[in-house]
Structure formats: C-alpha cells, structure tokens
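# Structure assessment
Here is how the chains run, residue by residue.
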Amino acid sequence: MLKISLDKLGNMFAEISKNMSLYLPVDRADGKSEYTKWEEGKEWSNSLNTVKGPKDIFFPQTEDMMEFKVEGKNIEVVDTRKASEDFVVFGVRACDVQALEILDRVFLTQPYDSYYATKREHGIVVSVACNRPNEACFCTAFGIDPASPKGDVSCWKTQADLYMQANTQKGEKLMSLLADLTQEACDEEVCKEKNAIAEIMKKLPLAKLDVSMFGGGKTQEFFDDPRWAELSESCIGCGTCTFVCPTCQCYDIKDFNTGKGVIRYRCWDSCMYSEFTKMAHGNNRNTQKERFRQRFMHKLVYFPENNDGVFSCVGCGRCVSRCPISMNIVKVIKKLGGKGNE
C-alpha cells in the first residue's frame, strides 16, 4: 500500500496528466460536482456524489457512431471513431464502480459493443472510499461496501493523506508512474477509516432496507400487483431518474443530415418516456403505470433473472435526491418488499 500527502494531490494529478487524460469530480458554479477533464487549477471536489456517474465517460450521453458521405448514387460509410488512448477516471465511489460492472454485463456480452469496450479497455478506474456517506445512500442493500471500493486502484482519504492500493495490472501501471510522489505505508489508518465508515452506514435512514423479496423468478409475483397503480400515480415521466442513474443503459439511434452527408449517432433514452420503443404499430407500454413498472421491474427482477442474481441498482441515492415528486426505487422497495421495509 502507498500513500501521498493531500497537499501533493495537485502534483499527482499533474504527473498523471503528463501521460494520459485524467477525469475527476470538480465543483460547478452551482455547488454540484461533475466529472471533468483535469487541468492546472482544477481541484478534486469534496462532494460525495457527482450529478451523473462516470458512466458518461464510458457510455457518453451523445456519441457519434458513423458517417455516411453521399455523392450521387454512391454512399461511403466512414468510421468516425478516433484512436483511443489510456485515461484515468479518479474519485469513483464504490456504487459507481459496481455500476460499471453492471454495464459490462450489458455491453461486453456477445455481440459486444465495440464503442464501450474500447473505452473500458483504455480506462483506468481509481476508486475512493466514502468517508462520509449521506442520508440517501443505500448501497449496502445490494452488497456493496463503501469502505472497500473496487476498481483498478482503491483509495482511502484521511485528514492528512490519501492511501492507495493497486488491484489490477492497469492499477499497478498507474502506481508505477507515481513512485517518486508516494511512499510505502501500512494499512493501520485505512483500517480505522473502514471502521468509521461502517459505523456511519449503520446509522443511515436506509441502513436496514431489505431487497431480499426481489430478484430473479419474481415476475409473476410482482407484475400484476395492484399497488403499481398507486405508486405510479404521481409520476410525471420526466426521465430524471434514468438520466442520473449510473446503470441505465437504454439508448436511441438517430441520423442527422449535415447537408453534406449523414451522421448516425446514439443518445441516452428513457423507458419512462411515452415515445420509448414506439414503432409503426404504436407503443407496447401505453400508460405511465406500465412504463413506471417496467423501470423498477427491470432493476429488481428482470436484470437479476438474467445476470446471476445481480441487481441493476447500486443504491447511489441519486434518484432519491433528484426525483421532483419523490417517487423513487426506495419507495417501491418499501411498498412491495414486505414487513422488513415498513
């Protein structure tokens, strides 16, 4: 295990940036944070969660896929992708690391998504333990330990230092670049930090949230539950929950006529929209109740059914804090999940 003094973080970021691009949470003017490419003068945000997770770096909200050049009756297909270079995503929380693993199950399963796969191959994920989880967090309900984040490198922040542990070959490669800035350290302070985080998690409002009633094989049990009508009644279908969710992976593909040809691009979509998957015959989910049910059944039942019991929610709390009418997955779990959640 290695450590670096917090007052030398700027030096560390600069050293990384000499060799590859570096993305990390940076505060915006409104006080919220988002992943931004680091440059001199930018500082790592103290916020627990960014508005959107690092998903946007690996699976961009809008992404060009190809271009069609048209000359008369001739059409040339142009691959618009550029050669990828290694990059680092720093400050990823345990929930967001797990979210990337969920996206891997979607995009890296045959036939795999080459756009996503290339970014995952070149991206180095540096995670940081949550030293002050907030009241909207419930990652432990899904077996995630915020005190022991995964990733290529795991970090723990104390009052004076940042402790770092490489977990993969990519992580070891990154740490070798920082040899002159870091020093060997024992894990005593890290153990103290882990214990402190564990104590905080026990006191959070959602610490006892129980998802054991959900999972694969529960479609028949929950699909026709009459309580979906009540739960979805106030939903306005704005899609906020899907756009801040680090695991949502739905997208649409569109063509844009530039006047000189056509650019085909993809952009995030939301199952909460009435236009979602709409085809010539109409829409297979015509009511907001059906769309609302689809979102949460996918998170809690459909996805674990097809992915070895892994839920498609990581308890990051973004939808809890962002939903304009406070109707989120926690309320669904509490309403449908049995006595343990009352």
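The model shown is predicted, which means the values in this text are computed figures rather than measured ones.

### A few points about the pairing of strand β5 (residues 74–78)
Along β5, only zero of the five residues are buried, which leaves the element largely exposed. In terms of strand pairing, strand β4 (residues 62–71) meets β5 through five bridges, oriented antiparallel. Bridge pairing in β5 places E67 opposite V78.

### Focus on the pattern of salt bridges
Considering all chains together, one arrives at 18 salt bridges under this definition. Across the pair E15 and K18 runs a salt bridge whose closest N-O atoms are separated by 3.4 Å. Taken together, the residues span about one helical turn, with E15 and K18 both in helix α1 (residues 9–19) at a distance of three residues. Judged by relative accessible area, E15 falls into the partly exposed class, the value being 24%. The class for K18 is exposed, based on a relative accessible area of 65%. The salt bridge partner of R120 is D104, with a shortest N-O separation of 2.8 Å. Placement of R120 in helix α4 (residues 114–122) and of D104 in helix α3 (residues 94–107) is noted, with a sequence separation of 16 residues between them. As far as burial versus exposure is concerned, R120 and D104 are alike and both buried.

### Quick notes on the sheet that holds strand β7 (residues 123–128)
With mixed pairing, eight strands are arranged side by side in an open sheet as β3-β2-β6-β7-β8-β9-β1-β10. Because the sheet does not close on itself, it has two edges, and the strands there are β3 (33–37) and β10 (183–184). Against the sheet, α4 engages β6 (87–92) and β7, with an angle of about 65° to β7.

### What about helix α10 (residues 288–306)?
Over its 19 residues, α10 extends 25 Å from the first C-alpha to the last, a length consistent with the 27 Å expected when each residue adds 1.5 Å. Maximum bend of α10: about 60°, positioned at H298. Looking one or two places after α10, you find D308, whose phi comes out positive at around 55°.

### Brief notes about the layout of surface pockets
The calculated volume of the largest pocket comes to roughly 340 Å³. In terms of residue count, α4 provides more of the lining of the largest pocket than any other element does, four residues in total. For the lining of the largest pocket, a count of residues per class yields three nonpolar, four polar and five charged.

### Description of the nonpolar core
If you look at the biggest cluster of nonpolar residues, it comprises 30 residues, and the most contacted ones within it are F142, F292, L300 and I329. At the level of elements, α8 (227–232), α10 and α12 (329–336) are the ones that each hand at least two residues to this core. Each residue touching F142, except ones within four places of it in the same chain, is listed here: V211, L300, F311, C313, V314, G315 and I333.

### Looking at a nonpolar patch on the surface
Taken together, the side chains of V70, I75 and V77 define a hydrophobic patch exposed on the protein surface, amounting to about 280 Å² of accessible area. With respect to the secondary-structure elements, I75 resides in strand β5. Judged by relative accessible area, which is 58%, I75 ranks as exposed.

### Section: unusual backbone geometry
In the segment running from Q110 into P111, the intervening peptide bond is cis, with an omega of -5°. Positionally, P111 belongs in the loop between α3 and α4. In this structure, D308 is a non-glycine residue whose phi angle is positive, near 55°. Structurally, D308 can be placed in the loop between α10 and α11 (318–322). In this structure, S326 is a non-glycine residue whose phi angle is positive, near 55°. Its relative accessible area of 36% is what places S326 among the partly exposed residues.

### Notes on the packing of aromatic side chains
By the definition in use, this model includes 16 aromatic pairs. On the numbers, 6.1 Å between centres and 55° between planes, the contact of F138 with F142 is tilted. Just as F138 is buried, F142 falls in that class too. An aromatic cluster of at least three residues, connected via ring pairs, comprises F59, F107, Y116, F243, Y251, W268 and Y273. Directly above the aromatic system of Y251 lies the positively charged group of R266, at a separation of 4.8 Å from the ring centroid. In this arrangement the basic side chain of R293 is found over the ring face of F223, its NZ or CZ atom lying 3.7 Å from the centre.

Cut-offs and rules
Residues numbered from 1 in each chain as written. Predicted model: local features only at pLDDT ≥ 70, side-chain atom pairs only at ≥ 80, totals over all residues. Heavy atoms only, no water. Buried < 20%, exposed > 50% of the residue type's maximum accessible area, 1.4 Å probe, protein only. Helix = DSSP H or I, 4+ residues; strand = E, 2+ residues; numbered from the N terminus. Pairing = 2+ DSSP bridges. Salt bridge = Lys/Arg side-chain N within 4 Å of Asp/Glu carboxyl O. Contact = heavy atoms within 4.5 Å. Axes fitted to C-alpha atoms, helices over the stretch in contact; angles between N-to-C directions. Expected span 1.5 Å × (residues − 1). Bend = angle between axes of the 7 residues up to and from the residue. 1 Å grid on protein atoms, 1.4 Å probe; cavity = no way out; pocket = protein on both sides within 12 Å on 5 of 7 lines; lining within 4 Å. Points joined across faces, edges and corners; volume = space filled by probe spheres on them. Nonpolar A, V, L, I, M, F, W, Y, C, P; charged D, E, K, R; others polar. Core = buried A, V, L, I, M, F, W, Y, C linked by side-chain atoms within 4.5 Å. Patch = residues over 30% accessible without salt bridge, like charges linked within 9 Å, V, L, I, M, F, W, Y side chains within 5 Å. Areas by Shrake-Rupley, 256 points an atom, 1.4 Å probe, with all protein chains shown as cover. Phe/Tyr/Trp six-rings, centres within 6.5 Å; stacked < 30°, edge-to-face > 60°. Lys NZ or Arg CZ within 6 Å of the ring centre and 35° of its normal.

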